[in-house]
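The chain contents come next:
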Amino acid sequence: MVEGRQGSLVSQMRRGTIAFCVMALLREGSRYGFDLVRALGGVDGMVTSEGTIYPLLARLRRDGLVESAWRESPSGPPRRYYELTKSGETSLREFIEEWARFSDAVDGLLRKGRQT
Amino acid sequence: MSANPENQIDGYLKDLERELRGFPRGRRLELLAEVRDHIAQARTTLSSESDAEVKTMLERVGDPADIAAEARDRFEVRTVRPGALEFGALILLAIGGLVLPIIGWVVGVILLWISPAWTSGEKLLGTLVVPGGLAVPLFLGVFAVSPGLGPMERALFGVLFVAPVASLTYLAVKLRSRSAAAIHEAASANW
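The rules we used
- Residues numbered from 1 in each chain as written.
- Chains lettered and ligands numbered in written order.
- Predicted model: local features only at pLDDT ≥ 70, side-chain atom pairs only at ≥ 80, totals over all residues.
- Heavy atoms only, no water.
- Contact = heavy atoms within 4.5 Å.
- Buried area = accessible area lost by both parts, 1.4 Å probe.
- Salt bridge = Lys/Arg side-chain N within 4 Å of Asp/Glu carboxyl O.
- Polar contact = N/O pair within 3.5 Å; in protein donor to acceptor, adjacent residues only side chain to side chain.
- Helix = DSSP H or I, 4+ residues; strand = E, 2+ residues; numbered from the N terminus.
- Nonpolar A, V, L, I, M, F, W, Y, C, P; charged D, E, K, R; others polar.
- Pairing = 2+ DSSP bridges.
- Axes fitted to C-alpha atoms, helices over the stretch in contact; angles between N-to-C directions.

S.K.: Which parts of the structure should I look at to understand the interface of chain A and chain B?
M.R.: In many reports, interface size means the accessible area that the parts give up when they come together. Each side of the interface is counted separately: chain A has 25 residues, and chain B has 24 residues. Taken together, the two surfaces of chain A and chain B that pack against each other cover about 2400 Å², and 51% of this comes from carbon and sulfur. For the interface between chain A and chain B, the tally reads five salt bridges. Put simply, chain A and chain B have 11 residue pairs in polar contact (both at pLDDT 80 or more) between them. Mapped onto the side of chain A that touches chain B, the elements with two or more residues apiece are helix H1 (5-27), helix H2 (33-41), helix H3 (53-62) and strand E3 (79-84) of chain A. It is H3 of chain A that contributes the most residues to the side of chain A that touches chain B, seven residues altogether. For the side of chain A that touches chain B, the residue count by class is 11 nonpolar, four polar and 10 charged.

Okay, structure coming up:
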């Protein structure tokens, strides 16, 4: 196996946060799948297999956090554009607050550990 | 020999389709369509369509087994490795009552409800269609059927025979589709 414990830790953190990263990208406006994947792919470790974004998007849609519509694209055939719903926005806002609290707490503890 | 990019991509999509076996048809077709579109867009960014470039592009899209594993995870598709519990349940529900009247079938029902392999609805179906399993029509056949059987009795006898076979076959098919998913998951466990 290539992935050690660190690798699986990163993949678990990714699993827990990627839905919100997708939703955060959609806050700026609607995007189609390929565009979303490439935007996430710019962040190291966020996307290991591009195709895995589609089951996630389908799940977010089923949960009513995003919705999709077919729209003409500037170039090429019509594409399925995803956008954030009201309930998606609420859920994202809640996550951002939780995340700030959580990461502050972890950062604090990690700093403390270094001083002793 | 150079593989045509179309063939490479078709092969990839076929693999994905196979990995997605066990998903509801609508979900499967939608995921396939999305990945197909994704590949079509990724193709437009390639500088050439050489074997190597197409292969690298498909590797970026990801191992079909990984995509299917993610889908199972996101949609909490049941995956089971059928064992003695499941096979025991199906066998006892069918013919347990013949081996040990009533009790054999009841044990089958208990195993059915203990197993995580079926949904509550499916368990209810297995319990209610038909209590006693094949023991009921067979006992009726041995003890209660006189030569002068009316059409109503004949029909009832047929239903009592066919219904449990149908409901247990349905449970077995469900079990098989879920275990197919589990086998693929084991194959892609190094995600």
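There is more to say after this.
S.K.: Help me understand the sheet that holds E3 of chain A in this model?
M.R.: The strands that make up a sheet pair up through hydrogen bonds in the backbone, lying either parallel or antiparallel. All names here are of chain A. Across the sheet, three strands lie side by side as E1-E3-E2; this open sheet has antiparallel pairing. Edge positions in the sheet fall to strand E1 (31-32) and strand E2 (66-71), since each of these pairs with one other strand and no more. Packing of H3 onto the sheet brings it into contact with E2 and E3, and relative to E2 it is tilted by some 110°.

On their own, these measurements won't tell you what the molecule is for.
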